[in-house]
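# A closer look at the structure
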Amino acid sequence: MSGHSKWHNIQAKKGKSDAQRGKIFTKIGREIAVIVKAGGSDPVSNPKLRDVIAKAKQNNMPNDSIERSIKKAAGEMSGVNYESCTYEGYGTGGSAVIVECLTDNKNRTAGDVRHAFDKFGGSLGSTGCVSYLFNRKGIVEVDITNKDLDTLMLDALEVGADDVVDYDDLCEIITQPNEHNTVAEQLKAKGYEILNAETRLVPDSYVDLDEEKLTKFNKMIDTLEDLDDVQEVYHNVNLPDEE
């Protein structure tokens, strides 16, 4: 159940400045809008809404902002209609990139995403050109400070996890896409601190880039993540560990 992974290298960046935090709140607000319209405004009966509320709180989004976003989507307040769209393409060195967006103007979004690819040596591809290289997984992040790793692995197996990846004080529990909440709740009941639980795209394997290509690639990813319409960017580049 143990192993080595570079999963943490493709986690969404957490903004720390006011400007970055504002962008994150905007993205989460759009996500709430789409999820509520698709599955309702009750987090008890809408597990996707429950997930995004947890994500909002992890990013310190104020409760009134969360509630306002839910009410807008539920029709209690006027709001904008967003739709999801996904773009696939290649970065430098043949790297694979998937960009998930929520937008009220697909033409604008497509142009912005294409420009980011082109500017940094990448190329936007057709639907399906790289998605076969990724699998959607459930990820549960667990704080294992002062916890026994072997015990966690046994507990994770018992509640239905597929794998456990150790990153010192943090462990990632890998689950099937729709089982992350159940696994997280059962591990919490066993006394573990759950830091995050969500589904993400995980590449089957990673590619290494030289320093020059890696610098250009990182600039492309940063540019994509700064776009208001972009919700998530996934890739298969093996990034150096960051402290």
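See the structure printed just above.
A brief report on the enclosed structure follows. Please read all numbers here as calculations on a predicted model, not as lab measurements.

### Structural notes on the sheet that holds strand 1 (residues 83-90)
Across the sheet, four strands lie side by side as 3-1-2-8; this open sheet has antiparallel pairing. What marks the edges here is a single partner per strand, and that holds for strand 3 (123-124) and strand 8 (230-235). Pairing of strand 1 with strand 3, which is carried by two bridges, proceeds in the antiparallel orientation. If you follow glycine 89 over to strand 3, its bridge partner there is leucine 124.

### Concerning unusual backbone geometry
Phi at asparagine 60 takes a positive value of approximately 60°, unusual for a residue other than glycine. For asparagine 60, the position within the fold is in the loop between helix 2 (47-58) and helix 3 (63-73). Under the relative-accessibility criterion, asparagine 60 is labelled exposed at 59%. We note that asparagine 146 has phi near 65°; this positive angle belongs to a residue other than glycine. Here asparagine 146 lies in the loop between strand 4 (134-143) and helix 5 (149-158). A relative accessible area of 80% means that asparagine 146 is categorised as exposed.

### Some thoughts on helix 7 (residues 211-226)
Residues lying three or four places apart along an α-helix face the same way, a consequence of the helix completing one turn every 3.6 residues. With 16 residues, helix 7 extends 23 Å between its outermost C-alpha atoms, agreeing within 8% with the 22 Å of an ideal straight helix rising 1.5 Å per residue. By the burial criterion, the buried members of helix 7 are Leu214, Phe217, Met220, Ile221, Leu224 and Glu225. Looking down the long axis of helix 7, one finds its buried residues gathered within 130° of arc, a one-sided arrangement. Opposite its buried face, helix 7 presents the exposed residues Glu211 and Glu212, each directed more than 90 degrees away. For helix 7, the capping residue at the N-terminal end is aspartate 210, with a side-chain oxygen 3.3 Å from the backbone nitrogen of glutamate 212.

Procedures and definitions
- Residues numbered from 1 in each chain as written.
- Predicted model: local features only at pLDDT ≥ 70, side-chain atom pairs only at ≥ 80, totals over all residues.
- Heavy atoms only, no water.
- Pairing = 2+ DSSP bridges.
- Helix = DSSP H or I, 4+ residues; strand = E, 2+ residues; numbered from the N terminus.
- Buried < 20%, exposed > 50% of the residue type's maximum accessible area, 1.4 Å probe, protein only.
- Expected span 1.5 Å × (residues − 1).
- Arc of directions from axis to C-beta.
- Polar contact = N/O pair within 3.5 Å; in protein donor to acceptor, adjacent residues only side chain to side chain.

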